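Overview (structure and organization)
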Amino acid sequence: MEHHRDQVRRVINEYLAGLDDSLRRVNLDIHSNPELAYEEHYAHDTISTLLEDLGVPVTRSAYGLATCFEATGGSGGRCVNFNAELDALPGIGHACGHNLIATASVAAFLALRHAIAEFAVQGRVQLLGTPAEEDGGGKIDLLKRGAYDKADVSLMVFRDRGVIGAAGQRSVACVDLVCTYTGVSAHAGANPWEGVNALDAFVTAYMNVSALRQQIQPQERIHGTILEAPKITNAIPEKTVAKFSIRSPTMSSLAALSERVRNCLQAGALATGCHAAFEDTPAYADLRVNEPLCAEYRQSMQDQGEMLLLEDEEMMTGSTDQGNVSYALPALHAIIGIPVPNSAKNHTHAFCVASGELDAYRIIMKAAAAMAMTGWALLTDDIFSARVKAAHGQAAN
């Protein structure tokens with residue numbers, strides 16, 4: 001039996017209205033208790049308890065990650081994944097609005113799970129608590145550990161400042177290079193010639209990277225810092241640790257640029273006689289936009305009274321580990337605007353305050369309902385689901 005879109009939307013909206021107090025409280029609780037990457041114990045427990053109180057079985061500390069949780073529902077058919085990002089930023093709390101992102105995914109999962117049961121259709125839903133989006137890439141960990149193996153598609157929304165919003169927006173790929181320079185200590189006044197200067201290695205490397213910036217593409221970025229520096233002046237520095245973040249439009253162009261940066265850093269060691277040891281971190285892939293998926297989500301948002309662009313022409317200058325998910329399976333990373341004073345960008349104190357406001361929660365709940373409706377279409381419309389899958393295959397070629 002085919003169910004009318006308006007009927008399904010009404011059931012979803014009524015269900016979410018009944019959960020409004022609980023979802024709003026969870027949203028504010030997470031916002032008020034910001035936690036850093038891989039340390040999101042409060043958010044993990046808060047959401048897990050909410051789900052269990054609603055009769056949803058939860059696997060806590062799933063896939064070997066202490067702050068990942070997994071909940072599922074339904075049976076048979078295709079599976080729709082929702083990602084609840086959990087971590088905040090050092091010093092500025094939820095200035096990326098992960099409290100809103102998590103709340104939207106939890107709400108969408110619960111609503112679609114309810115609709116599957118209400119209309120007795122085949123289909124499965126999965127909710128993952130995904131730690132460390134800001135630093136470390138929890139979704140990359142989860143991909144490697146098989147967390148997405150059961151999913152046919154992955155849905156989530158991302159919030160931005162007061163923009164009209166878009167169903168899709170491309171992002172750049174990003175990777176961090178951490179380099180430890182090891183030299184030899186010596187008295188800086190008595191016998192400096194016996195030392196090998198690890199600080200000079202970093203300074204030389206930094207200047208190399210600064211020169212490289214003149215010969216990179218306009219959309220590429222390289223930015224670095226010292227993680228560990230010498231603390232005294234009367235000894236030749238024997239150890240310096242540096243970190244450089246590298247951004248480029250695609251994974252292939254990122255690999256080429258990363259090699260050029262690595263050469264700059266290695267040259268600093270060669271020039272000073274130091275040893276350079278590299279720690280390679282997982283790369284955040286660029287986001288692959290799935291147009292059929294975006295079009296369906298855009299229509300679902302329009303049904304909620306919100307007009308979105310199909311795809312924002314401007315590439316998102318930040319990076320997300322949802323990009324890695326979008327390489328593995330069809331994925332949505334929609335943009336929704338929230339009111340922010342003075343149009344402050346995310347990763348600021350002003351944005352942190354805005355992400356805890358009621359207006360932001362209200363708009364993100366519309367996004368949750370639209371995600372649930374998009375998930376419904378994926379589970380019940382074979383033709384649409386095939387188009388989404390085909391678009392993903394084309395993007396890979």
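Just so you know, these numbers come straight off a predicted model, no measurement behind them.

The rules we used
Residues numbered from 1 in each chain as written. Predicted model: local features only at pLDDT ≥ 70, side-chain atom pairs only at ≥ 80, totals over all residues. Heavy atoms only, no water. Helix = DSSP H or I, 4+ residues; strand = E, 2+ residues; numbered from the N terminus. Rg over C-alpha atoms; globule rule 2.2 N^0.38 Å. Contact = heavy atoms within 4.5 Å. Areas by Shrake-Rupley, 256 points an atom, 1.4 Å probe, with all protein chains shown as cover. Buried < 20%, exposed > 50% of the residue type's maximum accessible area, 1.4 Å probe, protein only. Pairing = 2+ DSSP bridges. Core = buried A, V, L, I, M, F, W, Y, C linked by side-chain atoms within 4.5 Å. Domains from an automatic or database assignment. Buried area = accessible area lost by both parts, 1.4 Å probe. Expected span 1.5 Å × (residues − 1). Arc of directions from axis to C-beta. Axes fitted to C-alpha atoms, helices over the stretch in contact; angles between N-to-C directions. Parallel < 35°, antiparallel > 145°, perpendicular 65-115°, else oblique. Left-handed = near helix turned anticlockwise from the far one by under 90°. Nonpolar A, V, L, I, M, F, W, Y, C, P; charged D, E, K, R; others polar. UniProt positions renumbered as here; feature names shortened; annotations may be inferred. Disulfide = S-S within 2.5 Å.

1. Comments concerning the overall build of the protein
Secondary structure summary: the protein contains twelve helices and twelve strands in total. Radius of gyration (C-alpha) of the protein: 23 Å, near the 21 Å computed for a compact globule of 397 residues. Oriented by its inertia axes, the alpha-carbon framework of the protein measures out at about 85 × 40 × 40 Å. For the protein, the proportion of contacts with a sequence separation of at least 24, taken over those separated by at least 6, is 79%. About 16,800 Å² of surface is accessible on the protein, with carbon and sulfur atoms providing 51% of the total.

2. Topic: the pairing of strand 9 (residues 239–248)
Side chains on a regular strand alternate between the two faces of the sheet. The element strand 9 is largely enclosed, with a buried count of eight among its ten residues. Where strand 7 (residues 173–182) and strand 9 come together, ten bridges link them in antiparallel fashion. Its bridge partner lying in strand 9, Thr 182 is registered against Lys 239.

3. Some points on the nonpolar core
As a rule of thumb, nonpolar side chains are buried together in soluble globular proteins. Counting 72 residues, the largest nonpolar core has Leu 51, Phe 82 and Tyr 297 as the members making the most contacts within it. At 16 residues, helix 11 (residues 358–380) tops the list of elements feeding residues into this core. Residues in contact with Phe 82, not counting those within four places in the same chain, are Ser 105, Ala 108, Phe 109, Leu 112, Val 125, Gln 126, Leu 127, Leu 128, Leu 155 and Met 371. Membership of the second largest hydrophobic core comes to 25 residues, among which are Ala 173, Leu 177, Leu 212 and Ile 222.

4. Remarks on the domain arrangement of the protein
Splitting the protein by domain gives domain 1 (1–171 + 287–396) and domain 2 (173–280). Between the C-alpha centres of domain 1 and domain 2 the distance comes to 38 Å. With seven residues of domain 1 at the contact, the number on the domain 2 side is six residues. Taking both partners together, domain 1 and domain 2 bury about 450 Å²; carbon and sulfur atoms supply 45% of that area.

5. Focus on helix 1 (residues 5–18)
Spanning 14 residues, helix 1 covers 20 Å between terminal C-alpha atoms, matching the ideal 20 Å at 1.5 Å per step. Turning to helix 1, its buried residues number three or more, namely Val 8, Arg 9, Val 11, Ile 12 and Leu 16. Each buried residue of helix 1 lies within a common arc of 160° when the element is viewed along its axis, so the set occupies one face. Set apart from the buried face of helix 1 by more than 90 degrees, the exposed residues are Glu 14, Ala 17 and Gly 18. In this fold, the buried residues of helix 1 make contact with helix 2 (20–32), helix 4 (98–119), helix 8 (291–303) and helix 11.

6. Section: the sheet that holds strand 9
Ordered in space as 8-9-7-10, the four strands form an open sheet in which the pairing is antiparallel. Each of the sheet's edge strands pairs with one partner strand only, and the pair in question is strand 8 (221–228) and strand 10 (275–280). Neighbour-to-neighbour, the strand axes of the sheet open up by a mean angle of 25°, direction not taken into account. Taken together, the seven bridges between strand 8 and strand 9 define a ladder with antiparallel strand orientation.

7. Notes on the packing of helix 2 against helix 11
With their axes 11 Å apart at the nearest point, helix 2 and helix 11 run at an angle of 120° to one another. Between helix 2 and helix 11, the crossing angle belongs to the class labelled oblique. For the pair helix 2 and helix 11, the sense of crossing is right-handed. Each of Asp 20, Leu 23, Arg 24 and Asn 27 in helix 2 lies in contact with helix 11, whose residues at this interface are Leu 358, Tyr 361, Arg 362 and Met 365. Looking at side-chain class alone, the contact of helix 2 with helix 11 contains four nonpolar, one polar and three charged residues.

8. Considerations on the UniProt feature "domain: Peptidase M20 dimerisation" (unreviewed entry) in the protein
In this numbering, the UniProt entry assigns the feature "domain: Peptidase M20 dimerisation" (unreviewed entry) to residues 179–268. Annotation note: span residues 179–268, helix share 37%, strand share 24%, distance between end C-alpha atoms 11 Å.

9. So, the state of the cysteines
For the coordinates displayed, the defined rule picks out zero disulfides. Cysteine Cys 96 shares no disulfide, and the gap to the nearest cysteine sulfur, in Cys 352, comes to 11 Å. The thiol of Cys 264 is not disulfide-bonded; the next cysteine sulfur, from Cys 179, is found 12 Å away.

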